[in-house]
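These are the residues of each chain, in order.
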Amino acid sequence: DQQVKQNSPSLSVQEGRISILNCDYTNSMFDYFLWYKKYPAEGPTFLISISSIKDKNEDGRFTVFLNKSAKHLSLHIVPSQPGDSAVYFCAAKGLFYGGSQGNLIFGKGTKLSVKP
Amino acid sequence: KAGVTQTPRYLIKTRGQQVTLSCSPISGHRSVSWYQQTPGQGLQFLFEYFSETQRNKGNFPGRFSGRQFSNSRSEMNVSTLELGDSALYLCASSLAAHYTGASGANVLTFGAGSRLTVL
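Residues numbered from 1 in each chain as written. Chains lettered and ligands numbered in written order. Predicted model: local features only at pLDDT ≥ 70, side-chain atom pairs only at ≥ 80, totals over all residues. Heavy atoms only, no water.

(A) Representation of the overall build of chain B. When helices and strands are tallied, chain B shows zero helices and eleven strands. Sequence-ordered secondary structure for chain B, helices as α and strands as β, is β-β-β-β-β-β-β-β-β-β-β. For a compact globule of 119 residues, the expected C-alpha radius of gyration is about 14 Å, and chain B comes in at 14 Å, within 12% of that figure. In terms of principal-axis extent, the alpha carbons of chain B reach across some 40 × 30 × 30 Å. In chain B, once contacts between residues fewer than 6 apart in sequence are set aside, the share between residues at least 24 apart is 56%. Put simply, chain B shows about 5200 Å² of open surface, and 49% of that area lies on carbon and sulfur atoms. Within chain B, the 5 negative side-chain charges are centred at a point lying 4 Å from the centre of the 11 positive side-chain charges. (Helix = DSSP H or I, 4+ residues; strand = E, 2+ residues; numbered from the N terminus. Rg over C-alpha atoms; globule rule 2.2 N^0.38 Å. Contact = heavy atoms within 4.5 Å. Areas by Shrake-Rupley, 256 points an atom, 1.4 Å probe, with all protein chains shown as cover. Lys, Arg positive; Asp, Glu negative; His and termini not counted. Charge placed at Lys NZ, Arg CZ, Asp CG, Glu CD.)

(B) Summary view of the side chain of S80(A). All names here are of chain A. The residue S80 is located in the loop between strand 8 (72-77) and strand 9 (86-93) in this model. Taking relative accessible area as the criterion, S80 reaches 2% and is therefore assigned buried. Within the structure, the side chain of S80 is placed 2.6 Å from the side chain of S19, a separation counted as a polar contact. Polar contacts involving the side chain of S80 include one to the main-chain carbonyl oxygen of I77, which spans 3.4 Å. The residues contacting S80, other than those within four sequence positions of it, are V13, Q14, E15, G16, R17, I18, S19, R61 and V114. (Buried < 20%, exposed > 50% of the residue type's maximum accessible area, 1.4 Å probe, protein only. Polar contact = N/O pair within 3.5 Å; in protein donor to acceptor, adjacent residues only side chain to side chain.)

(C) Structural view of the state of the cysteines. The tally for this structure, following the rule as stated, stands at two disulfides over all chains. Covalently, C23(A) is tied to C90(A) through a disulfide, its sulfur atoms 2.1 Å apart. Every disulfide takes its handedness from the sign of the S-S torsion; for C23(A) and C90(A) that torsion is -70°, giving left-handed. Linking C23(A) in strand 3 (residues 19-25) with C90(A) in strand 9, this pair joins segments that are 67 residues apart in sequence. Comparing C23(A) with C90(A) shows no difference in burial state: the two are buried. C23(B) shares a disulfide with C91(B); S-S distance 1.7 Å. Taking the torsion about the S-S bond as the criterion, the C23(B) to C91(B) disulfide, at about -55°, is left-handed. A residue pair is termed long-range when its members are at least 10 positions apart, and C23(B) in strand 3 (residues 19-24) and C91(B) in strand 9 (residues 87-94) qualify at 68 residues. Taken individually, C23(B) and C91(B) each receive the classification buried, so the pair is uniform in this respect. (Disulfide = S-S within 2.5 Å.)

(D) A look at unusual backbone geometry. With an omega of -15°, the peptide bond running from V78(A) to P79(A) counts as cis. The linkage connecting T7(B) with the following residue, P8(B), adopts the cis geometry, with an omega of -10°. Among the structural elements, P8(B) can be located in the loop between strand 1 (5-7) and strand 2 (10-13). Of note, A41(A) is a non-glycine position whose phi angle comes to about 65°, a positive value. As for its placement among the helices and strands, A41(A) is situated in the loop between strand 4 (32-38) and strand 5 (45-51). Of note, S72(B) is a non-glycine position whose phi angle comes to about 75°, a positive value.

What follows is the structure in structure tokens.
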């Protein structure tokens, strides 16, 4: 049972345009969400996060939007650059004590290709 | 500040063998988590260690085990290797343990991983 879903395995965008990566989750107990970026032969790198008390968090070219009623979040990259080409993982966490849901649960990732 | 260090980076084993992977967390980080990444499956949580105790475990068979030392360094072991164990094994550290709910537990810093190939 996949609790965090990234339904698009890949996305191709032109340099300078907006990249929108989507993520859906099923567990309403998740209340903290993160995006990680992964280049080949490297470990995932933390990109941006959002708490469930917010609906938007912005950091430079990266903005994450959270729609709790739809159990959906998205990562916007504007403008997209060739160096953004990587696999992006969405992750969710429940901020409650104990149990297996204290750990981060990741989606399968979306491979973003930004073409010059 | 040194990052999370994993050794070895690459290794090849045959079915039935066992393997031990090592992880040194960021200095001051006391929580170490292990994840398995396989093509098409994303990152699957294996277990988390904090203060030398396993705090949390994912849905993996008992062939997968780990431990943490007093200096927070961690090792994971896979016994009786199967072809399906071929994967990238990622270690991540954080300031606090996940189960505490503390903000320092939210962001994991990952190492580059150990790529295991089972033949």
